[in-house]
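Listed below are the residues making up each chain.
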Amino acid sequence: VLRSLGIPTRVITNFNSAHDRNINLSIDKYIDISGKTLHLTEDSVWNFHVWNESWFTRRDLGSFYDGWQVLDATPQEKSKGIYQCGPASTRAIKEGDVNLDYDSSFVFAAVNADYVTWLRYSKKRKERIYADTKKIGKFISTKAVGTNCRVDVTANYKYPEVKEISFKISYAQYKNSLMDDRKILVTAV
């Protein structure tokens, strides 16, 4: 419909798409002390989810948020009392501006939520035992114009994931540099 009105529109696919039911920007999994999964949340991770993007000028939000806007024709949650999603600025999503109207927090979580596992000891006590900050929002894609090739648009939604660098530091080599609390600051360049 939007294309027929002359509005540039494209289909977007997000792999490992988070469905954050409680809008806390994380997908929470709970286990008991035996390792059994506890069904305490309705959060989930879908293999993929598809939505549309359309190109709008955003007078309501300011020119910083002009450009591609997420519109989901299959919303799974109510927004302002009705089932709708968008238009959420991809710029707002990338910048983490989750307090804007039009479901930017929901779309942010879909592409960038942390996947957190909690060990639940009791109703009042839990411990975070695992967090994966890279699992959600992979290969965010659209189809290239005029071909069947995939175009990766992940950079429109999130900054590159930080790569972890593994290295060992000999205590003997740096013992004179250590402070009393035995911590050392290492900067990788």
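Residues numbered from 1 in each chain as written. Predicted model: local features only at pLDDT ≥ 70, side-chain atom pairs only at ≥ 80, totals over all residues. Heavy atoms only, no water.

The name given to the chain in an unreviewed UniProt entry is TGM3L glutamyltransferase, with the source organism recorded as Halcyon senegalensis.

1. A few points about the sheet that holds strand β11 (residues 138-143)
Keep this limit in mind: Paired strands, as defined in this entry, are two strands with at least two bridges between them according to DSSP. Numbering of helices and strands runs from the N terminus, with a helix taken as a DSSP run of H or I at least four residues long and a strand as a DSSP run of E at least two residues long.
Taken together, the six strands give an open sheet; going across it, the order is β8-β5-β4-β1-β11-β12, and neighbouring strands pair in antiparallel fashion. Edge strands, defined here as strands with exactly one partner in the open sheet, are β8 (88-89) and β12 (150-152).

2. Examining the pattern of salt bridges
For side chains of opposite charge, pairing can occur when their charged atoms come near one another. This is how it is decided: Salt bridges are identified by distance alone: a Lys or Arg side-chain nitrogen within 4 Å of an Asp or Glu carboxyl oxygen. Partly exposed describes any residue whose relative accessible area lies between the buried limit of under 20% and the exposed limit of over 50%, with all areas from a 1.4 Å probe on protein chains only and scaled to the type maximum.
Under the definition given, this model contains four salt bridges. A salt bridge links Arg21 to Glu42, with the nearest nitrogen and oxygen atoms 2.6 Å apart. Here Arg21 is found in the loop between β1 (9-19) and β2 (26-31), whereas its partner Glu42 is found in the loop between β3 (37-38) and β4 (44-56), with 21 residues between them in sequence. Judged by its relative accessible area of 52%, Glu42 falls in the exposed class.

3. Quick word on the pairing of strand β10 (residues 126-132)
Looking along a regular strand, one sees side chains alternate from face to face of the sheet. Relative to β10, strand β9 (residues 114-120) is paired through six bridges, and the arrangement is antiparallel. Each residue of the ladder has a partner; that of Trp118, found in β10, is Arg128. Remark: five residues form the turn of the hairpin made by β9 and β10, two consecutive strands paired antiparallel.

4. Some thoughts on the nonpolar core
Just so we agree on the cut-off: We define a nonpolar core as any set of buried Ala, Val, Leu, Ile, Met, Phe, Trp, Tyr and Cys residues linked to one another through side-chain atoms lying within 4.5 Å. Contacts: residue pairs with any heavy atoms within 4.5 Å of one another.
One finds Trp51, Val70, Ile93, Val107 and Tyr157 to be the most contacted residues of the largest nonpolar core, which totals 14 residues. For this core, the leading source of residues is helix α2 (residues 104-112), giving four residues. Look past the residues within four positions of Ile93 in its chain and what remains in contact with it is Val70, Ala88, Ser104, Val107, Phe108, Val111 and Tyr157. Ranked by size, the runner-up nonpolar core spans six residues in total, among them Ile27, Ala109, Tyr115 and Ile136.

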